[in-house]
Amino acid sequence: MRPRRAPGGRWGTGTAASAVAACLASALAACAGGGHGGYTAVGAAGGAPSASVRPTGSVTLVPLDGAKGADGPTARAGERGPAPTAATAGKATAAATAASPSVTTAPPGSAPRRDGTQPPRSDPPASASPRPGTSSATSSPSPAALTWSTPTREATDKRWCEKVTVTFANSGGTAVRSGTVTLGTHIIDLLGIDWSTVTSTEPVPAPVAPGTRKAKTWTVCVDDWRVPLGMHVETRVVTVDWS
């Protein structure tokens, strides 16, 4: 619609004011079409161009649709920044460890000092170990261990008799209280031939105490008819049965 020209060559003031009001209404309708409901007065309709009206009440800032930012005040609720990597997590742990002060624990039952520090921790004394070769329990003595020597022979005035000496030794922990000694006597001729052997028994010179030695001499004889003229006797074998 084209405005009419007023007489005298000037446009009508009523028509111009209507056009300005229509433009302002269109601008406000365009701003309200965003659907966010915020309104701000830009001035009085039909007033002077220099007049302005400040907004009243609180102002709410609403982010635009599609704005995605992890940083800044317009970040949406529930959105998080990028997940930390292993390198950044290791740096954060090292920084926290370096920043944390060292803590010294005191042994149980110790009270802190007046200056707030804990007393030094002392280890309990080591238990005394038993000496080598000693035992808390009394050990029983070891049994007897009897040994004897090779018989020592000595001739007599009778060819069918001789003196025989045997030495006994007890290396055990218990005394030898009894026993029997068996002597083997050989009959030898002039050529050294062994004709026969005659055995005899004698008692052990008991008791034989632990760690001691005891010697015993016996006169050993055989029947005289077993030893003709020119022959003699030799006691060579000694066996002992003891307890």
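Our subject is the structure that appears above.
Only a predicted model underlies this, so the values are computations on that prediction, with no experimental measurement involved.

Now for the overall build of the protein chain. Along the protein chain, the regular secondary structure elements total 2 helices and 7 strands. The helix and strand sequence of the protein chain, counted from the amino end, reads α-α-β-β-β-β-β-β-β. Within the protein chain, buried positions represent 15% of all 243 residues. Expressed as a percentage of contacts within the protein chain between residues at least 6 apart in sequence, the contacts between residues at least 24 apart total 63%. Accessible surface for the protein chain amounts to roughly 19000 Å². Of this, 57% is attributable to carbon and sulfur atoms.

This paragraph deals with the nonpolar core. In this structure, Phe 168, Val 181, Trp 218 and Val 240 are the most contacted members of the largest nonpolar core, which totals 14 residues. Beyond its immediate stretch of four places on either side in the chain, Val 181 contacts Phe 168, Ser 200, Thr 201, Glu 202, Pro 203, Val 204, Trp 218, Val 238, Thr 239 and Val 240. Within the second largest apolar cluster, 5 residues are counted, among which are Ile 187, Val 222, Met 231 and Val 233.

Bringing the pattern of salt bridges into the picture now. A complete count under the given rule lists 3 salt bridges for this structure. Ionic pairing is found between Asp 223 and Arg 226, a salt bridge with its closest N-O pair at 3.6 Å. Arg 236 is the salt-bridge partner of Glu 234, the closest N and O atoms lying 2.7 Å from each other. On the basis of relative accessible area, Arg 236 is assigned to the partly exposed category, the value being 44%.

A separate point is the sheet that holds strand β7 (residues 232-242). Taken in spatial order, the 3 strands of this open sheet run β5-β4-β7, and their pairing is antiparallel. At either end of the open sheet lies a strand with only one pairing partner, and these are β5 (194-203) and β7. Strand-to-strand twist across the sheet, computed as the mean angle between neighbouring axes with direction ignored, equals 20°. The pairing of strand β4 (residues 179-188) with β5 spans 9 bridges and is classified as antiparallel. Paired with Ile 187 across the strands is Ser 196, a residue of β5.

What follows deals with the packing of aromatic side chains. One pass over the full model with this rule turns up 1 aromatic pair. With centroids separated by 6.4 Å and ring planes inclined at 80°, the aromatic side chains of Phe 168 and Trp 218 adopt a geometry described as edge-to-face. Taken as a pair, Phe 168 in strand β3 (residues 161-170) and Trp 218 in strand β6 (residues 212-221) lie far apart in primary sequence, 50 residues in all. Among the residues examined, Trp 218 registers a relative accessible area of 6% and is labelled buried.

A word on the state of the cysteines. This structure, assessed with the given rule, holds 1 disulfide. Two residues, Cys 161 and Cys 221, share a disulfide whose sulfurs are 2.0 Å apart. Handedness of the Cys 161-Cys 221 disulfide follows from its S-S torsion of about 120°: it is right-handed. You can see Cys 161 sitting in strand β3 and its partner Cys 221 sitting in strand β6, a full 60 residues away along the chain.

This next bit is on the side chain of Thr 235. With respect to the element layout, Thr 235 can be found in strand β7. On the basis of relative accessibility, which here comes to 2%, the residue Thr 235 falls in the buried class. At a separation of 3.0 Å, a polar atom in the side chain of Thr 235 contacts the side chain of Thr 185. In contact with Thr 235, other than residues within four places in its own chain, are Pro 151, Arg 153, Glu 162, Val 164, Leu 183, Gly 184, Thr 185 and Val 220.

It is worth spelling out unusual backbone geometry at this point. Across the junction of Ala 206 and Pro 207, the peptide omega takes the value -5°, indicating a cis bond. Along the chain, the position of Pro 207 falls in the loop between β5 and β6.

With that settled, consider the side chain of Asp 189. As for its position among the elements, Asp 189 is in the loop between β4 and β5. The charged side chain of Asp 189 is buried without a salt bridge, its nearest counter-charge being Arg 236 at 9.0 Å. In terms of polar contacts, Asp 189 uses its side chain to reach the side chain of Trp 195, at 2.8 Å. Residues in contact with Asp 189, not counting those within four places in the same chain, are Trp 195, Gly 230, Met 231 and His 232.

Reading guide: rules and limits
Residues numbered from 1 in each chain as written. Predicted model: local features only at pLDDT ≥ 70, side-chain atom pairs only at ≥ 80, totals over all residues. Heavy atoms only, no water. Helix = DSSP H or I, 4+ residues; strand = E, 2+ residues; numbered from the N terminus. Buried < 20%, exposed > 50% of the residue type's maximum accessible area, 1.4 Å probe, protein only. Contact = heavy atoms within 4.5 Å. Areas by Shrake-Rupley, 256 points an atom, 1.4 Å probe, with all protein chains shown as cover. Core = buried A, V, L, I, M, F, W, Y, C linked by side-chain atoms within 4.5 Å. Salt bridge = Lys/Arg side-chain N within 4 Å of Asp/Glu carboxyl O. Pairing = 2+ DSSP bridges. Axes fitted to C-alpha atoms, helices over the stretch in contact; angles between N-to-C directions. Phe/Tyr/Trp six-rings, centres within 6.5 Å; stacked < 30°, edge-to-face > 60°. Disulfide = S-S within 2.5 Å. Polar contact = N/O pair within 3.5 Å; in protein donor to acceptor, adjacent residues only side chain to side chain. Lys, Arg positive; Asp, Glu negative; His and termini not counted.

Read these as geometric descriptors, not functional statements.
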